[in-house]
Amino acid sequence: MRRSLTLILIGFILSMITTGVVFAREMIQGEHCTVEANEVIDGTFFTFCQILTVNGTVDGNIIGVALRTVINGDVTGNVYMAGLELDVSGTIDGDLHYVGLTLDVHTNKTQNQSVRGQLLFATLSVYVGDGVVIPDRVTGLGYQLVLDGVINQEINFWGSALVINNRVNDNVYATVGNPDSDASDLEPL
């Protein structure tokens, strides 16, 4: 089981990197990378940064690696990221694929669909905030998944803890926890 998950993770990372190399039109790298609020990047945006902040618009996909990524602006395509932290309070018109430690999806003031496609992740912790509506499926593996938002399609999750505090409009498929342990063994992150 552990070997299978490792192979899946390696394959996912390789597919993200290969996709970025083939289709990247604009690349940014450095310590602090920022897409300013009035800036528009056309086409696929490839990034390799310590801190990536997107306050403007990426009219295409974002593909890359960043220790900390914050998306406050708009992405008209998909996001394929790896890193330590990803915070989304802007809008992603496509899918969100993320490998990292933590993923937080929040609503912005004008819309409640931060991610308009599917959410696919391999992380330690994922939080989908109250008021967020994800119209497509949620698939992932990790330690914990906390859903305060609404999921319109199915959930597939493999991990230690799954908390659903809102509506799921389709099926939930989950392999959660260790049957040999009890709830007192779990500690929050």
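Caption draft 1: Fine view of the overall build of the protein chain. What the protein chain contains, in helices and strands, is one helix and 15 strands. Nonlocal contacts in the protein chain, meaning residues at least 24 apart in sequence, comprise 11% of its contacts between residues at least 6 apart. Looking at the protein chain as shown, the accessible area adds up to about 9,700 Å², and 52% of this sits on carbon and sulfur atoms.

Caption draft 2: Spotlight on the nonpolar core. By size, the foremost hydrophobic cluster in this structure holds 34 residues, and its most contacted members are Leu96 and Leu103. Elements that contribute at least two residues to this core include exactly strand S1 (26-35), strand S3 (45-54), strand S5 (62-71), strand S7 (79-88), strand S9 (96-105), strand S10 (119-128), strand S12 (138-147) and strand S14 (155-164). Leaving out residues up to four positions away in the same chain, Leu103 has contacts with Leu86, Leu96, Tyr98, Leu119, Phe121, Ser125, Val126 and Tyr127.

Caption draft 3: Seen up close, the pattern of salt bridges. Scanning the entire structure with this criterion turns up four salt bridges. A salt bridge links Arg68 to Asp87; the shortest N-O distance between them is 2.6 Å. Linking Arg68 in strand S5 with Asp87 in strand S7, this pair joins segments that are 19 residues apart in sequence. Relative accessible area serves as the criterion here: at 31%, Arg68 is assigned to the partly exposed category. With a relative accessible area of 15%, Asp87 lands in the buried category. A salt bridge links Arg137 to Glu154, with the shortest nitrogen-to-oxygen separation between them at 3.9 Å.

Caption draft 4: The arrangement of the packing of aromatic side chains in detail. According to the stated counting rule, one finds one aromatic pair in the structure shown. Centroid distance Phe121 to Phe157: 6.3 Å. Interplanar angle 35°. Geometry classified as tilted. In this pair, Phe121 is assigned in strand S10 and Phe157 in strand S14, connecting sequence segments 36 residues apart. For Phe121, a relative accessible area of 5% corresponds to the buried category.

Caption draft 5: Inspection of the confidence of the model for the protein chain at higher detail. In this model, the protein chain carries a mean pLDDT of 84, and residues with pLDDT of at least 70 account for 77%. Predicted confidence in the protein chain is weakest over helix H1 (residues 2-23), with a mean pLDDT of 55, and strongest over S7, with 96.

Caption draft 6: Representation of a nonpolar patch on the surface within the structure. A cluster of nonpolar side chains, contributed by Leu67, Leu84, Leu101 and Leu124, occupies part of the molecular surface with about 320 Å² of accessible area. Its location among the elements puts Leu84 in strand S7. We classify Leu84 as partly exposed; its relative accessible area is 39%.

Caption draft 7: Representation of the state of the cysteines within the structure. Applying the stated criterion to the full structure yields one disulfide. A sulfur-sulfur distance of 2.0 Å marks the disulfide that ties Cys33 to Cys49. Taking the torsion about the sulfur-sulfur bond, which here is approximately -100°, the covalent link between Cys33 and Cys49 counts as left-handed. Pair noted here: Cys33 is in strand S1 and Cys49 is in strand S3, with a separation of 16 residues, a long-range link. For Cys33, a relative accessible area of 1% corresponds to the buried category.

Caption draft 8: The sheet that holds strand S2 (residues 40-42), seen in detail. The sheet built from four strands is open, its strands ordered S2-S4-S6-S8 with parallel pairing. The sheet is open, and its two edges are formed by S2 and strand S8 (91-92), each paired on a single side. Of the strand pairs in this sheet, strand S6 (residues 74-75) and S8 are connected by two bridges, and their pairing is parallel. Across the sheet, the residue bridging to Asp74 is Thr91, located in S8.

Cut-offs and rules
- Residues numbered from 1 in each chain as written.
- Predicted model: local features only at pLDDT ≥ 70, side-chain atom pairs only at ≥ 80, totals over all residues.
- Heavy atoms only, no water.
- Helix = DSSP H or I, 4+ residues; strand = E, 2+ residues; numbered from the N terminus.
- Contact = heavy atoms within 4.5 Å.
- Areas by Shrake-Rupley, 256 points an atom, 1.4 Å probe, with all protein chains shown as cover.
- Core = buried A, V, L, I, M, F, W, Y, C linked by side-chain atoms within 4.5 Å.
- Buried < 20%, exposed > 50% of the residue type's maximum accessible area, 1.4 Å probe, protein only.
- Salt bridge = Lys/Arg side-chain N within 4 Å of Asp/Glu carboxyl O.
- Phe/Tyr/Trp six-rings, centres within 6.5 Å; stacked < 30°, edge-to-face > 60°.
- pLDDT = per-residue confidence, 0-100.
- Patch = residues over 30% accessible without salt bridge, like charges linked within 9 Å, V, L, I, M, F, W, Y side chains within 5 Å.
- Disulfide = S-S within 2.5 Å.
- Pairing = 2+ DSSP bridges.

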